[in-house]
Amino acid sequence: DTAVSQTPKYLVTQMGNDKSIKCEQNLGHDTMYWYKQDSKKFLKIMFSYNNKELIINETVPNRFSPKSPDKAHLNLHINSLELGDSAVYFCASSLLSGEAFFGQGTRLTVV
Amino acid sequence: DAKTTQPPSMDCAEGRAANLPCNHSTISGNEYVYWYRQIHSQGPQYIIHGLKNNETNEMASLIITEDRKSSTLILPHATLRDTAVYYCIVRVNAGNNRKLIWGLGTSLAVNP
């Protein structure tokens, strides 16, 4: 029983394409997150949703658009992919004031 | 910007205690200290957190100094499977927002 699952695990795509990463959690949490981990292993929060409402929106290009259809899902859509978008993207969930549980990551490679 | 500083790497012998230090000298009174670890190619895993008091769970102990400017994560009997990057993180509160501000962590190598 995977608590936080994200798909796909690997994504290789060309510059300029549009792609989506999906995330689902079965923990009953009310808050979900997207993080980006760059090549230097630095983890940076991108977005956070609480009860489907956007509560954290860091300085991220507007090519990145999160969508939360319900509390258990937070998808990330990326338009016009660039080389610099290559990274590992992690989805996570938590109760608002609790510890976060992370998915296994999506390794995005833009060529 | 990270609010914590950690040594970039440490070694520990299998079966011995691993003591991982962290400085967070600018921490505010209502900000928690969290520890996560990331085993190669996996998602980060929660270990423990605390505010003022020392904490212990089945994975580790967290010792926070009285002035809260530093803390130490203790793995009492390190195993090879504890080899990972350990992140000391301050959870920042801003209204209803709570953000984990991550640094670069300490890469712990547990050696046989």
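All values reported here derive from a predicted model rather than from experimental measurement.

Participant: Tell me what's going on with the nonpolar core, and back it up with residues and numbers.
Facilitator: In terms of nonpolar packing, the biggest core is built from 23 residues, with L20, W35, L73, L75, Y86 and L108 of chain B touching the most fellow members. Ranked by residues supplied to this core, first place goes to strand β8 (residues 84-94) of chain B with five residues. Those residues in contact with L75 of chain B that sit more than four places away from it in its chain are R16, A17, A18, L20, M59, A60, D82, Y86 and L108 of chain B. Core analysis: the second largest hydrophobic core is formed by 19 residues, V4, L11, F64 and I78 of chain A among them.

Participant: Outline the packing of aromatic side chains, supporting the account with residue identities and numerical values.
Facilitator: Per the stated rule, a full pass over the model turns up twelve aromatic pairs over all chains. Residues Y35 of chain A and W102 of chain B carry aromatic rings whose centres are separated by 5.9 Å and whose planes lie at 75° to one another, so their mutual orientation is edge-to-face. Taken as a pair, Y35 of chain A in strand β4 (residues 31-37) and W102 of chain B in the loop between β9 (97-101) and β10 (106-111) lie in two separate chains rather than in one. You can call W102 of chain B buried: its relative accessible area is 2%. These aromatic residues form a ring-pair network of at least three members: Y33, Y35, F90 and F102 of chain A together with Y34, Y36, Y46, Y87 and W102 of chain B.

Participant: Can you tell me about the pairing of strand β2 (residues 18-23) of chain B, naming the residues and giving the values?
Facilitator: One face of the sheet, then the other: side chains in a regular strand alternate in exactly this way. Residue and element names in this part refer to chain B. Of the two faces of β2, only one is covered, namely that formed by A18, L20 and C22; the face formed by N19, P21 and N23 stays uncovered. The sheet contact formed by β2 and strand β7 (residues 70-75) spans six bridges and is antiparallel. Among the inter-strand pairings, L20 is bridged to a residue of β7, identified as L73.

Participant: Help me get a handle on the sheet that holds strand β5 (residues 55-56) of chain B, residues and values and all.
Facilitator: Taken together, the four strands give an open sheet; going across it, the order is β2-β7-β6-β5 (chain B), and neighbouring strands pair in antiparallel fashion. The two strands at the open ends of the sheet, each matched to only one other strand, are β2 and β5 of chain B.

Reading the values: rules and limits
Residues numbered from 1 in each chain as written. Chains lettered and ligands numbered in written order. Predicted model: local features only at pLDDT ≥ 70, side-chain atom pairs only at ≥ 80, totals over all residues. Heavy atoms only, no water. Core = buried A, V, L, I, M, F, W, Y, C linked by side-chain atoms within 4.5 Å. Buried < 20%, exposed > 50% of the residue type's maximum accessible area, 1.4 Å probe, protein only. Helix = DSSP H or I, 4+ residues; strand = E, 2+ residues; numbered from the N terminus. Contact = heavy atoms within 4.5 Å. Phe/Tyr/Trp six-rings, centres within 6.5 Å; stacked < 30°, edge-to-face > 60°. Pairing = 2+ DSSP bridges.

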